[in-house]
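The lines below spell out each chain.
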Amino acid sequence: MPAAADTTIDPAISRSRVSDLTFVLQSSRPGLWLTTIWFYMLPLGRMHVFSSSTFWLGVAYVCFPLGLLLYGWNDYVDFETDQLNPRKGSFLFGVRGSMDQLRKLPAIVAGVQAPFVIAFCYLRGWHMLVWFGGTVVAVAIYNWPRYGFKARPPLEIANQAGYLLVFLLSSWLNRAAQLSWPAMAFGAMFAMHSHVFGEIMDLEPDRDTGRRTTAVVIGRVRAKLLIAAFLAAESALVFFFFHAAVLSGFLLASCLWFLSDVTFFWGARPYSTMQMRLAMVAWNVIALGSMPWIWWQASLTALR
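Residues numbered from 1 in each chain as written. Predicted model: local features only at pLDDT ≥ 70, side-chain atom pairs only at ≥ 80, totals over all residues. Heavy atoms only, no water.

Got a sec to walk through the overall build of the protein? Specific residues and values, please.
Scanning the protein from N- to C-terminus turns up 15 helices and zero strands. Its C-alpha radius of gyration of 20 Å places the protein within 12% of the 19 Å reference for a compact globule of 304 residues. The principal-axis extent of the C-alpha atoms belonging to the protein is close to 75 × 50 × 35 Å. When the 304 residues of the protein are sorted by exposure, 47% land in the buried category. (Helix = DSSP H or I, 4+ residues; strand = E, 2+ residues; numbered from the N terminus. Rg over C-alpha atoms; globule rule 2.2 N^0.38 Å. Buried < 20%, exposed > 50% of the residue type's maximum accessible area, 1.4 Å probe, protein only.)

Quick look at the structure:
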């Protein structure tokens, strides 16, 4: 009879595998999946796409595979900063991995992309390679060592306009019309203000490791005021070009919240880790709850 050690899995090996799987999943930022799906849905207002396998393939891609491409690369180059970041090491905010795990990540990212590259090109043509190429270029411009926009404020904020590629992917995959320029402008500003909020949460670890971001350079209070300015502009744009009063009102209320944050609540004080987690959970609830309404209203698909 074989020894028991030969017929059982070493607990240490089992724990290591679970740790590696958790690391890869956290690298894709599950806490931002609903935000990306929200972007993916915007061009599809009132389109009956829910019986389409291509639609669901796109939904699957913008969660784990796209998240791994966008944020895994970021984790790979942010090793030192992430070790000091209290909100890392979670499914909401991303990974705090070992150097050995990070070394394996580029191959995993490429391997996860490959079947979707093949599938999208088969379904919609070779021009889908343009989309993948543009996405890789946008991520590289942000993360490239020494010369990337990541540490060159305010270029790191402008780079967030790359999230508009999610609109393009949705339109191409689902054969939907491209969004108008005001909708694109809204999407770009939304991505930019969201990025600044992330910089506010990371201000101390970024500053302590010598990383320059817009929030580090201008300070927490001015960064919150910048978010408020973005939200006010988004609210005005949505109201005047699309007459979407509910969405415009939500954006305006968010603007007023950040002004209240600066004036009455936190000001220049950092948020606690629990407060940051609650904020992210609240946003995911809002994103999930508003998706059916945004689709039904087709709020940003046509100028009014």
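The rest of the description comes next.
How would you explain the packing of helix H6 (residues 99-124) against helix H7 (residues 128-143) if you had to name every residue and give the values?
When two helices pack together, their arrangement is given by the angle between their axes and by how far apart the axes lie. Contact geometry of H6 with H7 gives a least axis separation of 8 Å together with a crossing angle of 145 degrees. In contact with Gln113, Phe116, Val117, Phe120, Cys121 and Arg124 of H6, H7 contributes Met128, Leu129 and Phe132. Looking at the contact of H6 with H7 residue by residue, the classes come out as seven nonpolar, one polar and one charged. (Axes fitted to C-alpha atoms, helices over the stretch in contact; angles between N-to-C directions. Contact = heavy atoms within 4.5 Å. Nonpolar A, V, L, I, M, F, W, Y, C, P; charged D, E, K, R; others polar.)

Run through H7, naming residues and quoting values.
In this model, H7 (16 residues) spans 23 Å end to end at C-alpha, consistent with the 22 Å of a helix rising 1.5 Å per residue. Turning to H7, its buried residues are Met128, Trp131, Phe132, Thr135, Ala138, Val139, Ala140, Tyr142 and Asn143. Looking at the buried side of H7, the elements it contacts are helix H4 (53-77), H6, helix H8 (155-158), helix H9 (164-174) and helix H10 (181-201). (Expected span 1.5 Å × (residues − 1).)

Before we move on, could you go through the side chain of Gln26 and cite the residues and values that matter?
Relative to the helices and strands, Gln26 resides in helix H2 (residues 11-27). For Gln26, a relative accessible area of 8% gives the class buried. Dropping the residues within four chain positions of it, Gln26 is found in contact with Gly89, Ser90, Phe91, Gly94 and Val95.

Which residues make up the nonpolar core, and what are the values?
Among the nonpolar cores identified, the biggest contains 76 residues, and Tyr61 and Phe186 are the most heavily contacted of them. Apart from residues lying up to four places away in sequence, Tyr61 is in contact with Leu66, Leu69, Gln113, Phe116, Phe120, Trp131, Phe132 and Leu169. (Core = buried A, V, L, I, M, F, W, Y, C linked by side-chain atoms within 4.5 Å.)

I'd like to hear about the packing of aromatic side chains, residue by residue, with values.
Note on aromatic pairs: each is described by the distance of the centres and the angle between the planes. Going through the model one piece at a time under the given rule, you end up with 27 aromatic pairs. Seen from their ring centres, Phe50 and Trp295 are 5.2 Å apart, and the 65 degrees between their planes marks the pair as edge-to-face. Pair noted here: Phe50 is in the loop between helix H3 (33-41) and H4 and Trp295 is in helix H15 (residues 273-297), with a separation of 245 residues, a long-range link. The class for Trp295 is buried, based on a relative accessible area of 14%. An angle of 45 degrees between the planes, with centres 6.1 Å apart, marks the rings of Phe265 and Trp266 as tilted. With a relative accessible area of 44%, Phe265 lands in the partly exposed category. Directly above the aromatic system of Trp296 lies the positively charged group of Arg46, at a separation of 4.5 Å from the ring centroid. (Phe/Tyr/Trp six-rings, centres within 6.5 Å; stacked < 30°, edge-to-face > 60°. Lys NZ or Arg CZ within 6 Å of the ring centre and 35° of its normal.)

Pulling in residues and values, what's your account of the environment of Ala233?
In this fold, Ala233 is placed in helix H13 (residues 220-242). Classification of Ala233 as partly exposed rests on a relative accessible area of 33%. In this structure, the C-alpha to C-alpha distance between Ala233 and Val62, residues 171 residues apart in sequence, is 27 Å.

Tell me about the pattern of salt bridges, and please be specific about residues and values.
Going through the model one piece at a time under the given rule, you end up with five salt bridges. Residues Lys104 and Asp100 are paired through a salt bridge, measuring 3.5 Å at the closest nitrogen-oxygen approach. Here Lys104 pairs with Asp100, and both are found in helix H6, just four residues apart, close to one helical turn. Taking the shortest distance from any N to any O, the salt bridge between Arg220 and Glu204 comes out at 2.8 Å. Here Arg220, found in helix H13, pairs with Glu204, found in helix H11 (residues 203-208); they are 16 residues apart in sequence, far enough to count as distant. For Glu204, a relative accessible area of 21% gives the class partly exposed. (Salt bridge = Lys/Arg side-chain N within 4 Å of Asp/Glu carboxyl O.)

Could you give an account of the packing of H10 against H13, with specific residues and numbers?
Relative to each other, H10 and H13 sit at 160 degrees, their axes nearing to 9 Å. Relative to H13, H10 is oriented roughly antiparallel. Handedness of the H10/H13 crossing: left-handed. Tallied by class, residues from the contact of H10 with H13 come to 21 nonpolar, one polar and three charged. (Parallel < 35°, antiparallel > 145°, perpendicular 65-115°, else oblique. Left-handed = near helix turned anticlockwise from the far one by under 90°.)

Can you break down unusual backbone geometry residue by residue, with the values?
A cis amide bond, omega 0 degrees, links Pro153 with the succeeding residue Pro154. Tracing the chain through its elements places Pro154 in the loop between H7 and H8. The phi dihedral of Arg146 is positive, around 70 degrees, even though this residue is not glycine. Examined against the element boundaries, Arg146 turns out to sit in the loop between H7 and H8. Residue classification places Arg146 among the exposed positions, given a relative accessible area of 71%. Even without a glycine there, the phi angle at Ala298 is positive, about 50 degrees. Mapped onto the elements, Ala298 comes out in the segment after H15.

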